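Residue-level structure breakdown
Spelled out from the first residue to the last, the chains are:
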Amino acid sequence: MPRYIFPGSLALLGLAVFVLSVIPVLFPGHRPVPGAICIANLKQQQAALQQYAVDYDDHLPNAQWADRLTNTYLKGDWAFLCPIQKKSGFGYAFNASLVGKSLEQVTEPERMALIFESTNSEKNALSTNSRFSTRHEGQGYVYFVRGGIASLDTTSFKERVKP
């Protein structure tokens, strides 16, 4: 005669199989929102930039910023690939006014844009305000030097990139 550790385990297993089979029916084609992917990408880039700054005496990288992060702090280019800019792939830029600067030299780091969504499709894109992308319902995501992310329109963004 078989001995069961828990007599209701078969019922519990049946319930789990039912729930897992119903989820795709209740949420068909559920995919992450592109904006959520962009935010995650910016957070990964910012984390890599922080690690870079720690390793280089609180200095930000030079013009080849994405290559430096990819080669040492990120595994591959995935954090630089925009899900909306499918043709070119890359869709983020580093604030050109901060290239090679020490973090101590940055005025108002809580308001200064560090990396942001860009219409420039190059991997190591540098920009100030001319290439800011507002691809999320007229807004674009910006990560600030001191941390924190915001969704801004073009006018608000232009105030955040001046040296």
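Quick note: structure is the one above.
Presented here is an overview of the structure given in this document.

Although it is not a glycine, Asp58 adopts a positive phi angle of roughly 65 degrees. Take Asp58: it is sitting in the loop between α2 (34–55) and α3 (65–72). Positioned with a positive phi, Glu108 is a non-glycine residue whose angle comes to about 50 degrees. Note on placement: Glu108 falls in the loop between β1 (92–95) and β2 (113–117). You can call Glu108 partly exposed: its relative accessible area is 46%.

As a further point, take the side chain of Ser97. Its place among the elements puts Ser97 in the loop between β1 and β2. Look at Ser97 and you get buried, because its relative accessible area is 17%. Separated by 2.8 Å, the side chains of Ser97 and Asn95 make a polar contact.

A word on the pairing of β2. Counting buried positions along β2 yields five of five residues, so the element is predominantly enclosed. Alignment of β1 against β2, held across three bridges, turns out to be antiparallel. For Ala93, the partnering residue across the bridge sits in β2 and is Phe116. Where β2 lies against strand β4 (residues 140–144), three bridges are found, and the strand directions are antiparallel.

Let us look at the packing of aromatic side chains. Two numbers describe a pair of aromatic rings. These are the distance of the centres and the angle of the planes. Throughout the structure, instances matching the rule amount to seven aromatic pairs. Ring centres 3.9 Å apart and planes at 5 degrees place the aromatic pair Phe132 and Phe157 in the stacked group. Taken as a pair, Phe132 in the loop between β3 (126–127) and β4 and Phe157 in helix α4 (residues 154–158) lie far apart in primary sequence, 25 residues in all. By relative accessible area, Phe132 is classed as buried at 8%. When its relative accessible area of 0% is taken as the criterion, Phe157 is described as buried. Against the face of Tyr56 rests Arg68, its NZ or CZ located 5.7 Å from the ring centre.

Summed over all chains, the structure comprises five salt bridges. Here Glu108 ties to Arg111 by a salt bridge, and the two come within 3.6 Å at their closest N and O atoms. Measuring nitrogen to oxygen at the nearest pair gives 3.4 Å for the salt bridge that ties Arg135 to Glu117. You can see Arg135 sitting in the loop between β3 and β4 and its partner Glu117 sitting in strand β2, a full 18 residues away along the chain. You can call Arg135 buried: its relative accessible area is 17%. Through salt bridges with shared partners, one network takes in Asp67, Asp77 and Lys123.

Here is what the cut-offs are and how they apply
- Residues numbered from 1 in each chain as written.
- Predicted model: local features only at pLDDT ≥ 70, side-chain atom pairs only at ≥ 80, totals over all residues.
- Heavy atoms only, no water.
- Helix = DSSP H or I, 4+ residues; strand = E, 2+ residues; numbered from the N terminus.
- Buried < 20%, exposed > 50% of the residue type's maximum accessible area, 1.4 Å probe, protein only.
- Polar contact = N/O pair within 3.5 Å; in protein donor to acceptor, adjacent residues only side chain to side chain.
- Pairing = 2+ DSSP bridges.
- Phe/Tyr/Trp six-rings, centres within 6.5 Å; stacked < 30°, edge-to-face > 60°.
- Lys NZ or Arg CZ within 6 Å of the ring centre and 35° of its normal.
- Salt bridge = Lys/Arg side-chain N within 4 Å of Asp/Glu carboxyl O.

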